[in-house]
Amino acid sequence: LPPGVYQMSVSEAAVPGEEVGRVKAKDPDIGENGLVAYSIIDGDGMDMFEITTDYETQEGVVKLKKLLDFETKKSYSLKVEAANVHIDPKFISNGPFKDTVTVKISVEDADEPPVFLKPSYIFEVQENAASGTVVGKVHAKDPDAANSAIRYSIDRHTDLERYFFINAEDGNIKTIKALDREEIAWHNISVFAVEVHKQHQEAKVPVAIKVVDVNDNAPKFASVYEAFVCENARSNQQFITINADDKDDSANGPRFIFSLPPEIIHNPNFTLRDNRDNSASVLVRREGFSRQKQDLYLLPIVISDGGLPPMSSTNTLTIRVCACDSNGSLLSCNAEAYILNAGLSTGALIAILACIVILLVIVVLFVTLKRQKKEPLIVFEEEDVRENIITYDDEGGGEEDTEAFDIATLQNPDGINGFIPRKDIKPEYQYMPRPGLRPAPNSVDVDDFINTRIQEADNDPTAPPYDSIQIYGYEGRGSVAGSLSSLESATTDSDLDYDYLQNWGPRFKKLADLYGSKDTFDDDS
């Protein structure tokens, strides 16, 4: 090894296994004769450091073995030896084939977070303690040489209901409100400690707070009891065993003491026996109970606990009088049923029940038949469409009877431009036919007459109807106006003279032959 002293340094925040430094011995040999092994043979740092050999570089690697603390010890000294692994026996007299060197290691101070004096804290506080009661105190310090001041706080995620608060300067934990052991027996919170000038340096410690029980709950029945006693019960016969329950801790709970209130200690009907195992038995004191006289008894029972001071409560036991057979099995506990059985025989009861059943069957059948009854053949007047008569005061008129649409626009070109003639009032002007279009009154050219009328109707926007057709499929019976059909008119005598049809030309000859006078017809024949 080269003469002198190796100087190394390491931070107190270094973790075990971290490399501190290296040393190297020179050996002119090669191969296995040049292999060197390193070891620590002396020094005050033998327990804190170790050395291994790097066979690729033939160096000794000094590593940290345990955690360091600058505030406890600031430097260490090691004596390191380097020796050949393989020694040729022929040259052993040339030894020794090893050398030593001193290694000085200095510990550097590191900025460390605060450290609590305990890894965890457990405190106790009595339930129902007043607000502001001191629970306990936590303490942390800055391990650095600066020894900065510490501030404390509670992690509110661990105390959502805010039962506690902590003094930020001295670490005293106090209650904010009264605690109930029966609600929460243990509270587990976390306390933070931070340096005043270095908020990033933070420590955390768990704190468990036990709520000490106080005897503040009286014992009660373990469940809702309802007892039954036979009318033929014997004296001192036990008919029920009761148990109690207490929400307090076992120190303030059992053993329970059962007793009757002083005012009914000499109850003539029932007595109580404490079994001294947190249970009690209720017994019959006299013989002979009657449901007709009294079918229900209420027995108050006092239960006390063993706490300091003791707590007690009065609980009521309901006792019903029932009919039993000779073996003590219950038959009936209903006083009304007892009275009915005494006044009516079994046959009478069966007859009454049968009548009730028959009445129910009749009612059900009646309702069923009524629901299945068919609809009447005669319908109401407003529902019979055959009797709905719609009266029209006009004779035809086309669109006068149609509300679905107005076809006047289709027949009247002027309606497209916004002019729609009124049919319910008289036109302001009369359509005057063009001169020369009206034929002479005595004209025999019916074709020209009809064409003229068609042309007038086509050119007159105020002349209804507009190509409208009204069909009357039913003419009615007994009408004063008589039939409108032209078919029947041919079979009746008519006072009309149709001789003028002979003057209308060849086209109306057939019509003139049908409606002409008989004399004319005979002449033609």
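Residues numbered from 1 in each chain as written. Predicted model: local features only at pLDDT ≥ 70, side-chain atom pairs only at ≥ 80, totals over all residues. Heavy atoms only, no water.

Our next topic: the overall build of the protein chain. A tally of helices and strands in the protein chain yields six helices and 25 strands. Per-residue burial for the protein chain yields a buried fraction of 29% across its 525 residues. A fraction of 62% describes how many contacts in the protein chain between residues 6 or more apart in sequence connect residues 24 or more apart. Per element, the accessible surface of the protein chain, about 35800 Å² overall, is 54% carbon and sulfur. (Helix = DSSP H or I, 4+ residues; strand = E, 2+ residues; numbered from the N terminus. Buried < 20%, exposed > 50% of the residue type's maximum accessible area, 1.4 Å probe, protein only. Contact = heavy atoms within 4.5 Å. Areas by Shrake-Rupley, 256 points an atom, 1.4 Å probe, with all protein chains shown as cover.)

Take a nonpolar patch on the surface next. Nonpolar side chains collect at one region of the surface, where I352, L353, I356 and L360 lie side by side and expose about 390 Å² of accessible area between them. You can see L360 is positioned in helix α2 (residues 346-372). Residue L360 is classed as exposed on the basis of its relative accessible area, which comes to 54%. (Patch = residues over 30% accessible without salt bridge, like charges linked within 9 Å, V, L, I, M, F, W, Y side chains within 5 Å. Salt bridge = Lys/Arg side-chain N within 4 Å of Asp/Glu carboxyl O.)

It is worth spelling out the pattern of salt bridges at this point. Tallying each qualifying case throughout the model produces 15 salt bridges. Note that E19 is salt-bridged to R22, the shortest N-O span being 3.1 Å. By relative accessible area, E19 is classed as partly exposed at 42%. A relative accessible area of 34% places R22 in the partly exposed class.

A word on the nonpolar core. Residues F239, F258, V282, I301, L317 and I319 are the most contacted members of the largest nonpolar core, which totals 27 residues. Of all the elements in the fold, those that place two or more residues in this core are β18 (226-230), β19 (238-245), β21 (270-274), β22 (279-284), β23 (296-304) and β24 (312-324). Excluding residues that lie within four positions of it along the chain, F239 makes contacts with A227, F228, V229, F270, V282, L283, V284 and I319. (Core = buried A, V, L, I, M, F, W, Y, C linked by side-chain atoms within 4.5 Å.)

Time to look at the packing of aromatic side chains. Under the criterion given, the structure shown has eleven aromatic pairs. Grouping aromatic residues by their ring pairs yields a cluster made of F116, Y121, F123 and Y152. Cation over ring: K74 sits above F70, and NZ or CZ is 4.9 Å from the ring centre. (Phe/Tyr/Trp six-rings, centres within 6.5 Å; stacked < 30°, edge-to-face > 60°. Lys NZ or Arg CZ within 6 Å of the ring centre and 35° of its normal.)

Here we come to the pairing of β19. For strand β17 (residues 220-221) and β19, the ladder comprises two bridges, and the chain directions are antiparallel. Bridge pairing in β19 links F221 to A244. Bridge count for β19 against β22 is five bridges, and the pairing is antiparallel. Within β22, the residue paired with Q238 across the bridge is L283. (Pairing = 2+ DSSP bridges.)

With mixed pairing, the four strands of this open sheet are ordered in space as β9-β16-β15-β12. In this open sheet, the two strands that pair with only one neighbour each are β9 (121-126) and β12 (150-154). Strand-to-strand twist of the sheet, defined as the mean angle between neighbouring strand axes without regard to direction, takes the value 30°. Alignment of strand β15 (residues 186-195) against strand β16 (residues 202-212), held across nine bridges, turns out to be antiparallel. Following the sheet pairing, V194 is matched in β16 by E202. (Axes fitted to C-alpha atoms, helices over the stretch in contact; angles between N-to-C directions.)

We now examine the sheet that holds β21. Spatial ordering of the open sheet is given by β17-β19-β22-β21, a layout of four strands whose pairing is antiparallel. One side of each edge strand has no neighbouring strand; the edge strands of this open sheet are β17 and β21.

Structurally, C230 is set in strand β18. Judged by relative accessible area, which is 11%, C230 ranks as buried. For the pair C230 and C322, spaced 92 residues apart in sequence, the C-alpha to C-alpha distance is 5.0 Å. Those residues within four positions of C230 in sequence are excluded, and the remaining contacts are F289, C322, C324, G328 and L330.

A few words on the state of the cysteines. Scanning the entire structure with this criterion turns up two disulfides. Across the disulfide from C230 sits C324; the S-S distance is 2.0 Å. Taking the sign of the torsion about the S-S bond as the criterion, the disulfide between C230 and C324, at about -85°, is left-handed. Pair noted here: C230 is in strand β18 and C324 is in strand β24, with a separation of 94 residues, a long-range link. Summarising the burial analysis for this pair, C230 and C324 share the class buried. Across the disulfide, C322 is cross-linked to C333 (sulfur-sulfur distance 1.8 Å). Classification of the bridge connecting C322 and C333 rests on its S-S torsion, roughly 105°, and on that basis the disulfide is right-handed. Residue C322 is located in strand β24, and its partner C333 is located in the loop between β25 (330-332) and α1 (335-343); the two are separated by eleven residues in the primary sequence. According to the relative accessible area criterion, C333 is partly exposed, its value standing at 26%. (Disulfide = S-S within 2.5 Å.)

What follows concerns unusual backbone geometry. The amide bond that connects L308 to the next residue, P309, takes the cis arrangement and shows omega of -10°. Secondary-structure assignment places P309 in the loop between β23 and β24. The phi dihedral of N128 is positive, around 65°, even though this residue is not glycine. Mapped onto the secondary structure, N128 falls in the loop between β9 and β10 (134-137). Residues other than glycine seldom take positive phi values, yet N278 does so here, at roughly 65°. For N278, the location among the structural elements is in the loop between β21 and β22. Under the relative-accessibility criterion, N278 is labelled partly exposed at 24%.

A few words now on the environment of A323. Secondary-structure assignment places A323 in strand β24. Given a relative accessible area of 12%, A323 falls into the buried group. Along the sequence, A323 and F228 sit 95 residues apart, while their C-alpha atoms lie 9.7 Å from each other. Contacts of A323, omitting those with residues within four sequence positions, involve E231, R291, S329, L330, L331 and S332.

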